[in-house]
Amino acid sequence: MDSLQTYLFISAILFSLGLYGVITRRNGIAVLMGIELILNSANINFIAFARFGGMNLSGQVFALFVIIMAAAEAAVALAIIINIFNNLQTVNIDEAQQLKL
Amino acid sequence: MLINYALGILFLPLLSFIILILVGKRLPRQGDWVAIGSVLITLILSLAMFGSMLLSHDPGFSHEASIEWMDLGAFRIELGFLIDNITIVMLLVVALISTMTHVFSIKYMAGDIRYSRYYAYLGLFTFSMNGIVLANNLFSLYIFWELVGVSSYLLIGHWFEKDSAADAGKKAFLTNRVGDIGFFIGVMLIFTALGTFNYGEIFQGVAQGDMAGTLLTLAGIGLFMGAIGKSSQFPLHIWLPDAMEGPTPVSALMHAATMVAAGVFLTVRLFPIFTPEALLFIAYVGGFTAIFAATIAITQNDIKKVLAYSTVSQLGYMILAVGTGAYIAGFFHLVTHAMFKACLFYGSGSVIHAMHHALHNKHDHDTDPQDMRNMGGFKSKMPVTYWTMVVAALAISGVPLFSGFLSKDAILAGTLAFGTHHPQHFLLPIFGFGAALITAFYMFRLIFMTFHNEPKLPELYDDINESPKEMTFPLVLLSTLSVFIFYTLPYFNPLSDHGWFMELVKAKDSMVPGNPSAHEIAEGIHHSHTLTMILSTLVAALGIFLSWSVYLKKRISADAWAEKLTPYYNLSLNKYFFDENYDKYLYQPLLRLADRISFIDWELYDKYFINGFGHVTKWLSFLTGRTDYDGLDQTIVDGLGRSMSKAGSTLKEVQTGRLQNYMLFALFGVVIIVIFQSF
Amino acid sequence: MPDFAFGLIVAITLGSAFMVVQGKQLLYSAIALLFTFFGVAGLYIFMWADFMAAVQIVIYIGGILVLLIFGIMLTNKITSVNISHTSLQRGAGVLVALSVLSFLVVMIGRTPWLEKTALEPAQTVDGIGTLLMMKYLLPFEVASLLLLGALIGAAMLSRNVD
Amino acid sequence: MDNILSWIIWIPIIGMVAIGFVPRGQQDLIKKIAAVTTGIQLLVAVMIWITFNPTDGSFQFMERAEWIPSLGIAYILGIDGLSLPMVALNALIAFLGVFVSWNIDRAVKGYFALFLLLDTGIMGVFLSLDFFLFYVFWEVMLLPMYFLIGMWGGPQREYAAIKFFLYTLFGSVLMLIALLALYFACGKTFDMLLMMERAPFALDGVVWWGMSAIKVIWVLLFIGFAIKVPVFPFHTWLPLAHVEAPTAISVVLAGILLKLGVYGMLRINYTMLPDAVWWFAGAFAVLGMINVLWGAMCALAQKDLKKMVAYSSISHMGFLLLGMAAVIAGGAANGSNLMAAQAGINGAVFQMFNHGTISAMLFILVGVIYDQAHHRDIEGFGGLAAQMPVYSGIVALAFFAGLGLPGLSGFVSEAMCFIGAFPVFRTIVIISTIGILLNAAYFLWAFQRMFFGKLNEKYTGLVDINRRELFTVVPLLAITIFLGIYPRPFLDMIKETMNVLIDQVVIVGGIAGIF
Amino acid sequence: MSNLQSLSLYWPELILSGTILLAIIIDIFSESQQSKKVSNWVTLGLLLTLIAVAITKHSPTTLFMDTLAFDPFASFIKSIVIVATILVIVISRNSNEFKGYHTGEYYALLAVMVFGMFLMASAIDLIMVYLSIEVVSLMSFILAGYLKNNPRSNEASLKYVIYGAFSSGIMLYGLSIIFGLTGTTNYFEIRDAVKALDGSADLALTIASVFVLAGFGYKISAVPFHFWTPDVYEGSPTPITAYLSVAPKAAGFALMIRFFNQVFVDGASLSGMGWSSTVSFSWPQLLGIISVITMSMGNLVAIQQSSVKRMLAYSSIAHAGYMLMALPTTSSEGVFGIMIYLVMYLFMNLGAFFVLIYVIEKEGGETFEHFNGLGWRMPIVGLVMTIFMFSLTGLPPTVGFIGKFYLFAAVINAGPAFYWLAFFGALNTVVSLYYYMRVVKAMYLTGEPSDVIAVPSFSMTMIFLLLAIPSVFFGIYWVPVLGWVKESLLLFVQAL
């Protein structure tokens, strides 16, 4: 039960769910949520590898940086989404399609 | 010395050409005196050479001189002169007829808008013709060969405002080119095998067996192709009658006496290398042409056309002679024919000139001045023309005491000898004698229709006058030269084909191993000589008699016979529909093919294939762009139905810039790459 | 018991994550995300990463999730009760996600991961701290720069039109 | 007199800069500068011709300067019997081209600046002995050409220009790959002299994907050059470009640009990959035959005079390919027929020059009538011979030169090509001779339709060729006639070089092995 | 080197950080909206940094406990980044797209981005890799959306941020797999560990490297991770578009070069010794295929654009494809080729974009129609644009040709197995001619000579000439560039 593979499977499922969310959700914020899932899955990986690789704390540090970065990214992304809402009155990504061929 | 003469003979006419083409119009009398002067000097030089030939009396005389024209180390081309008795005789003929033409043209062409250019072209022609005669190798021969074609083109098209003249010039040039291709291939074959263009070296090479068998036969036939074209042999005979669109003196000079004889001259020159097979081919082509053209000449009504077909027929004779081995006889006929045929043409020119004049006075522009059916009874009005033409007609018919008899007799003897020697080729003598019969018939048909009987157009008759001295002088001179005596000297025997000509111009042995030697051929001819004389005289008499009874005495109705033999008559009248068939089966398909190829090239190949790359690129580009923006979403993901309904809506809607499609594709990309890399 | 707790946490994590991507209403998705984050933090604890679990809760739940909910609120009228949102290209999404998942599953099973046994440390904070101050000093500083830049940028973007 | 080759290349650039400083509105001055520049260039070319030592088959007037030493790129110039006639031809055509362009009135400055740049590019290609330099010059030509066609051309000029550009760029990028492959094979040098020594052996036996490396490189280079020649099936840019280009540019295109392809093949393919010559000669001959016949047939069908002349160029280039194929006659396998090899290869080079003068002349003449009548439809004329006697006389001569009339230079070279190729490619040559007939057919037919017959009422106002136009045609005409009568001065200049070339192919190629 | 020792070689970055901080402070206290002061200061700071980069010499080593490499290659990339940034700052000051916006932060953020790219150029630790990419990405997102009142700019940044986060998420997952396989974040240790792996780890390695490639590929916009590029390029402020097409791309290539040459190869390759892969899956082939698809896609789609800006966006994708061509050769020649190309590309691509900026300003649009007859109306602009277009096509005698020449040379030199790459590269060059010539065609072939001639302002003229003259000069005599690149072709690699 408590083996590396278990955690990796969990993370893999989380990753796939994240991918699915990113691809299918219309709402920009929901897409961001999908991205958070992806980042979390990666973090689970790092920490699992750290735990089963002989308590290698580098993995945890990596995860720490990821979380910091995720916060910064979320802030920027939300700022942008709010900006676009101000201009277009929507946050649905597929409606932002002025830029095209 | 001779070389200097030859240089003069060659280049004086060229000089005249250059002067006239550049400044001709500004000279007094448009510079005709330049041309006439140059050609007169040429004549004098030729006569001088001829004199020296007679005096030295050496049948084997031969003198060569050449310059290095091109020297690339191994590959070299020399241009040079070969002066032997054949050359000298031929030079004299060319110079003589050329001079006569120049003189005749003074009045005939008077008032022409391109008078000086006409003389210029005559100079060019004389130059090229002399070049052919003087050449000592195939390469320089070929050069002049083509130049002759050009001058012919220019002179036939002299009155280029007439479409028919322009057409005829082009036709002459192109038809000749067909032959020339064969000639060129022959030259290449020989050069490849023997590495030289020089006659002597070629003969030597053939004698040594460096080139033999089929290759040599093919080379011979190839070279003979040139003669077929130039000498207007079947099946390339079609250009010569059309060439009559040119001024009549030109017809006399080029299309009767000299240029068309160049083909014969070539075969005479190259006789030693022809294999038996090639010779047989030559003989049949010549023989068939002789009789074939004669049958056309019977029905023609245009005075010049009759003469033209007669020329084709006579050239066939000469070729036939070469083919049967009696090539010196052929050359002899070339010389005699030059005189009387030129005379006939001048005569016809004189008649046409008179007709033209008369029509001009009557302001009649519709009547054809060359149609014999509009003539008749000119005998009293134009006595000089009449009598000279009669002499020439007798000569061409092969009546004894005239030059034609001598040469024709020699040819027919050769043919007969050949026929007896090779019974399977019995057709050759039949061709020869048959043609002789028909020749006599149509020549006198011409004489009778033109000069005898009642005038067909009486209203013109009063205006018909004898031509001026400048025109009658050549007639008289040439008809005089059609008498036997000039060829049999120093003997006075009218039946002898000996004389200076046969003494000095001796046949060479063939260089092809296995061919009969000149002596053997001469023997054969000698044996059949007597029989030939009798036969040919009879045949000529019969022809003249028939003609006399049909056209003068009207005992036999020409129309009735024509009625009876309508299909044949029509065939003959329409020249066996050669032009039509060539047009239908050769030219038109060629033009269509050209159109088709051009279409393929431009409208298909370029448009679809080459530009196709562009289109494919653009299409790919469009497709890539599509997938880049909406691609899978519209086509795979949402299914066809939706994309169909979407296609109806605006383009803008179709081409979304959806971010999530992008990510989807990126992921697809990842998946594909992983699959690609791992499995 | 630990097995049961572990199973529960896994179930919560994955179930809520499924809700996040599948939920019809945006706010529910956000709330499901909360559970996911909590679940992940629980997993961290199972993996002896106490410090990271704390960070997860503080930053993710305290920071990012709040940001997201603010975002949802700012971009929708408060009155609209169910802020529904639809999905697109689901078929393709499932296809891709499943194929990626299958690769990963095959990979996880097949790969000889680097495994070393270790004792559970009393705490990880001092180890992490040492690493941050020694080996990862520069990344640590860079992270601060990153945050500074993001701060300025986000502020610039969300500032009222100037 | 040092650096004479550099001078001849860069003189036009000096002119170009000078033109750049001419104030606006002084069009005559611009034209005069261009004329003087190209005139000086012509004088230099004449000087080179005179001082060239014809008994030496190797490169002369060599110049060498470091450029990018680390890459083995140097500025090397040299001239031999192969490039000498091309240099002279280019100088002449450029000089005449300026006068042909005299009535350009739109953006004169740009036109002449580009024209001089083009001149430099072409000159550079002929003189560079560094492959990199060669390539740079090769490409530099494209740019001015694009503009000259695209800005001063006919109605479809944009299409024609881009098509020309795309086509030739396609060829040159393939060439670039081949160039690099040769560069590495020859020990990282672009020095052509070294490459000629090393390449035949360096690549011997190298196999890439089951194909001989030599063949691959050969084909890449061949395509690059074939497009310029143009060899069927890479020819379709040519009619369009010729038709749309302004007269002077057509003249340059036909006169020189087409020669670049042949020059490249002889200079590079033949010397660096001599053993592939053996492999490819048959294809050369076949392509030559197709070129001859296809070009002639297409020309026969054309209604546009310029297009007809353009297709005739394709046909004439076919003769040349036959001559080039003849070189293998010199090998032992083909009977060591050095005669044929010499005839073919000298004939090919001679044909290059002759076609240069003749087609240039033809295009100038087309331009003369177009300037007055504003169309080029062959059927639309008629009877001009009476109206414009001098012009029609000159056209007649030019056409005769085009159809290979003896006494004019085209004949000599065509005959040499045929004679050379005949021993090896008998059937092909025999079929190709039909081209002689077809060439005559379309030229004479066109001549008849334009100049013979009744004068078209519309054209009673046409005046005969003027002095300026005469000035542009007469030198070419004189050369055509002179070399037709006495080709030796020309052939003596090139023959030693050609012998070296034949040796390279026959001996080096023979050693390196026949496929 | 230890952290403290490292500082002695790290002062260019220190100057840069100082610049950033001061810029922010100056911005806070400055009154004027256009913030000339900030841009002046940032420019000055960057110049100082450039000087510092140039004079900081040391034999190749690692800094900060093996998280960064210090070597001439990194300095080279840094210099390119700085030059590009300075040029973009100058053009941004001349651009009227920012009218109405406070641009103080703009320059500060640019400086932060430069810092990120510095890290990218020298990162040899996975954490550093991730962070540096994120720094650059985050700044790019913000800058792309800088025109916050402009929906197109908003949209560009939205797409950019989501696509960027998505890509980096995938990359992160890939990095975690690598970490799991090797238990370390350091390149050299990873390389050693990977070498020790047996075949059963291949799938993991493949997936990891493909995932990582998603992040790298996104940075250099290689297919299939390029999708954001055209939209973002089109929507962003044009100076930023120009910037994005040059500087992050250079940094991205640096990152890739280091990663692939250090992690998957034994390290001997860059000393010209030939290489042997430490992994069994054929990543050179993969990169080759990606390169061909990238250049073809970029060129093909560029053909049908009606907007020059978008066309240039696609063309920049194609150029990434060309550069990518030399990566799989894993030779010093390949890296050399990429480096040369980066220098050349800097001139020609920035030049083209700058002309575009000028045209947008003067003609009010960015489509081909706006270029109609430009060559007649504005001869100087037309001339330089022509040079840039020819150069981008790769025709001599321009820098574009030299760049391509070295790339092709590297590919050909790598042996017959790579010839197909050169072949496709060559074909693509031909295709690209078509659309680059469209600009030239619009400028000269469409339209008539005009009497009114417009001359750009002195500063614009200088900028144009600054880019155009090297574009030609280095096309004829590129020894200076060659020397510089040659000196810089020294990566810190740890050979096995």
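So, here is what we can say about the structure in this document. (Residues numbered from 1 in each chain as written. Chains lettered and ligands numbered in written order. Predicted model: local features only at pLDDT ≥ 70, side-chain atom pairs only at ≥ 80, totals over all residues. Heavy atoms only, no water.)

**Concerning the overall build of chain E**
Part 1 of the argument: Each helix and strand in chain E was counted, giving 20 helices and two strands.
Part 2 of the argument: Rg of the C-alpha trace for chain E: 22 Å, near the compact-globule value of 23 Å for 496 residues, within the 12% margin.
Part 3 of the argument: With respect to the three principal axes, the spread of C-alpha positions in chain E is 75 × 55 × 40 Å.
Part 4 of the argument: The proportion of buried residues among the 496 residues of chain E is 74%.
Part 5 of the argument: Within chain E, contacts between residues separated by at least 24 positions form 80% of all contacts whose residues are at least 6 apart in sequence.
Part 6 of the argument: Looking at chain E, you have 22 positive and 25 negative side-chain charges, and the mean spots of the two groups are 6 Å apart. (Helix = DSSP H or I, 4+ residues; strand = E, 2+ residues; numbered from the N terminus. Rg over C-alpha atoms; globule rule 2.2 N^0.38 Å. Buried < 20%, exposed > 50% of the residue type's maximum accessible area, 1.4 Å probe, protein only. Contact = heavy atoms within 4.5 Å. Lys, Arg positive; Asp, Glu negative; His and termini not counted. Charge placed at Lys NZ, Arg CZ, Asp CG, Glu CD.)

**Points about the interface of chain E and chain A**
Part 1 of the argument: Every contact between the two is made by 43 residues of chain E and, on the other side, 42 residues of chain A.
Part 2 of the argument: Taken over both partners, the interface formed by chain E and chain A buries close to 3,500 Å², and the fraction arising from carbon and sulfur atoms is 76%.
Part 3 of the argument: The largest share of the area that chain E buries against chain A comes from L158(E), Y173(E) and F179(E), three residues that together contribute 18% of it.
Part 4 of the argument: At the boundary of chain E and chain A, one finds zero salt bridges.
Part 5 of the argument: Taken together, the connections running from chain E to chain A amount to three residue pairs in polar contact (both at pLDDT 80 or more).
Part 6 of the argument: Mapped by element, the contributors of at least two residues to the side of chain E that touches chain A are α6 (126-144), α7 (151-182) and α10 (228-235) of chain E.
Part 7 of the argument: It is α7(E) that contributes the most residues to the side of chain E that touches chain A, 22 residues altogether. (Buried area = accessible area lost by both parts, 1.4 Å probe. Salt bridge = Lys/Arg side-chain N within 4 Å of Asp/Glu carboxyl O. Polar contact = N/O pair within 3.5 Å; in protein donor to acceptor, adjacent residues only side chain to side chain.)

**Re the interface of chain C and chain A**
Part 1 of the argument: Contacts between chain C and chain A engage 76 residues on the former and 65 residues on the latter.
Part 2 of the argument: When the two sides are added together, the surface that chain C and chain A hide from each other amounts to roughly 6,500 Å², 78% of it contributed by carbon and sulfur.
Part 3 of the argument: Of all residues in chain C, V21(C), M47(C) and T75(C) bury the most surface against chain A, accounting for 10% of the area lost on that side.
Part 4 of the argument: The interface formed by chain C and chain A contains zero salt bridges.
Part 5 of the argument: Our count for the chain C to chain A interface comes out at ten residue pairs in polar contact (both at pLDDT 80 or more).
Part 6 of the argument: Contributions of two or more residues to the side of chain C that touches chain A are made by α1 (2-22), α2 (26-46), α3 (50-74), α4 (90-110), α5 (125-133) and α6 (137-158) of chain C.
Part 7 of the argument: Sorting elements by how many residues they give to the side of chain C that touches chain A places α3(C) first, with twelve residues.
Part 8 of the argument: Partitioning the side of chain C that touches chain A into residue classes produces 53 nonpolar, 18 polar and five charged. (Nonpolar A, V, L, I, M, F, W, Y, C, P; charged D, E, K, R; others polar.)

**A closer look at empty space enclosed by the protein**
Rolled over the atoms, a probe sized like a water molecule indicates the empty space that remains.
Part 1 of the argument: Counting across every chain of the model gives 14 cavities of 30 Å³ or more.
Part 2 of the argument: By volume, the largest cavity is sized at about 70 Å³.
Part 3 of the argument: Lining of the largest cavity is provided by Y142(B), R177(B), F184(B), L403(D), G404(D), F411(D), E414(D), A415(D), F418(D) and I436(D).
Part 4 of the argument: Counting only elements with at least two residues in the lining of the largest cavity, the list comes to α6 (163-194) of chain B together with α17 (409-421) of chain D.
Part 5 of the argument: When residues in the lining of the largest cavity are grouped by element, the largest group, four residues, is from α17(D).
Part 6 of the argument: Across the lining of the largest cavity, the residue classes break down as seven nonpolar, one polar and two charged. (1 Å grid on protein atoms, 1.4 Å probe; cavity = no way out; pocket = protein on both sides within 12 Å on 5 of 7 lines; lining within 4 Å. Points joined across faces, edges and corners; volume = space filled by probe spheres on them.)

**Focus on the packing of aromatic side chains**
Part 1 of the argument: Taken as a whole and judged by the stated rule, the model has 134 aromatic pairs over all chains.
Part 2 of the argument: Both rings, one in Y118(B) and one in Y119(B), keep their centres 5.6 Å apart while their planes meet at 80 degrees; by these two values the pair is edge-to-face. This pair shows no difference in class: Y118(B) is buried, exactly as Y119(B) is.
Part 3 of the argument: Ring pairing ties together the aromatic residues W69(B), F75(B), F139(B), Y142(B), W145(B), F183(B), F184(B), F191(B), F197(B), F319(D), F411(D) and F418(D), which thus form one cluster.
Part 4 of the argument: Lying over the aromatic face of F52(A), R51(A) brings its terminal NZ or CZ to 4.2 Å of the ring centre.
Part 5 of the argument: The ring centre of W48(C) lies 3.5 Å from the NZ or CZ of R51(A), which sits over that ring. (Phe/Tyr/Trp six-rings, centres within 6.5 Å; stacked < 30°, edge-to-face > 60°. Lys NZ or Arg CZ within 6 Å of the ring centre and 35° of its normal.)

**Things to note about helix α14 (residues 338-373) of chain D**
Residue and element names in this part refer to chain D.
Part 1 of the argument: Here α14 spans 51 Å end to end across 36 residues, near enough to the 52 Å set by a 1.5 Å rise per residue.
Part 2 of the argument: Most of α14 sits out of view: 31 of its 36 residues are buried.
Part 3 of the argument: Of the residues one or two after α14, H374 is the one with positive phi, at around 60 degrees. (Expected span 1.5 Å × (residues − 1).)

**Regarding the pattern of salt bridges**
All names here are of chain D.
Part 1 of the argument: Applying the stated criterion to the full structure yields 30 salt bridges over all chains.
Part 2 of the argument: Among the salt bridges present, the one from D492 reaches R488, with a minimum N-O distance of 3.3 Å. With a gap of four residues between them, D492 and R488 both fall in helix α21 (residues 488-512), about one helical turn apart.
Part 3 of the argument: Among the residues examined, D492 registers a relative accessible area of 24% and is labelled partly exposed.

**Describing the nonpolar core**
Part 1 of the argument: Counting residues in each nonpolar core, the largest one holds 821 residues, and the members touching the most others are L138(B), F331(B), F131(D), Y270(D), F400(D), F354(E) and W478(E).
Part 2 of the argument: Tallying contributions element by element places helix α14 (residues 332-363) of chain E first for this core, with 23 residues.
Part 3 of the argument: Two domains share this core, each providing at least three of its residues, namely domain 1 (1-86) and domain 2 (121-162) of chain C.
Part 4 of the argument: Not counting residues up to four positions away in its chain, the partners in contact with F354(E) are L87(E), V88(E), I91(E), A242(E), M460(E), I463(E), F464(E) and L467(E). (Core = buried A, V, L, I, M, F, W, Y, C linked by side-chain atoms within 4.5 Å. Domains from an automatic or database assignment.)

**Section: the arrangement of the chains**
Part 1 of the argument: No other pair of the eight pairs of chains in contact has as many contacts as chains A and C.
Part 2 of the argument: The smallest C-alpha distance separating chain A from chain D is 24 Å, and no contact links them.
Part 3 of the argument: Between chain C and chain D there is no contact; the minimum C-alpha to C-alpha separation amounts to 35 Å.

**Quick word on the packing of helix α9 (residues 202-220) of chain E against helix α11 (residues 238-263) of chain E**
Between two packed helices, the angle of one axis relative to the other and the distance separating the axes together describe the packing.
Residue and element names in this part refer to chain E.
Part 1 of the argument: Relative to each other, α9 and α11 sit at 150 degrees, their axes nearing to 8 Å. Looking at the two axes, α9 sits roughly antiparallel to α11. Residues V212, L213, F216, K219 and I220 of α9 pack against P248, K249, G252, F253, L255, M256, F259 and F260 of α11.
Part 2 of the argument: For the contact of α9 with α11, the per-class residue count stands at ten nonpolar, one polar and two charged. (Axes fitted to C-alpha atoms, helices over the stretch in contact; angles between N-to-C directions. Parallel < 35°, antiparallel > 145°, perpendicular 65-115°, else oblique.)

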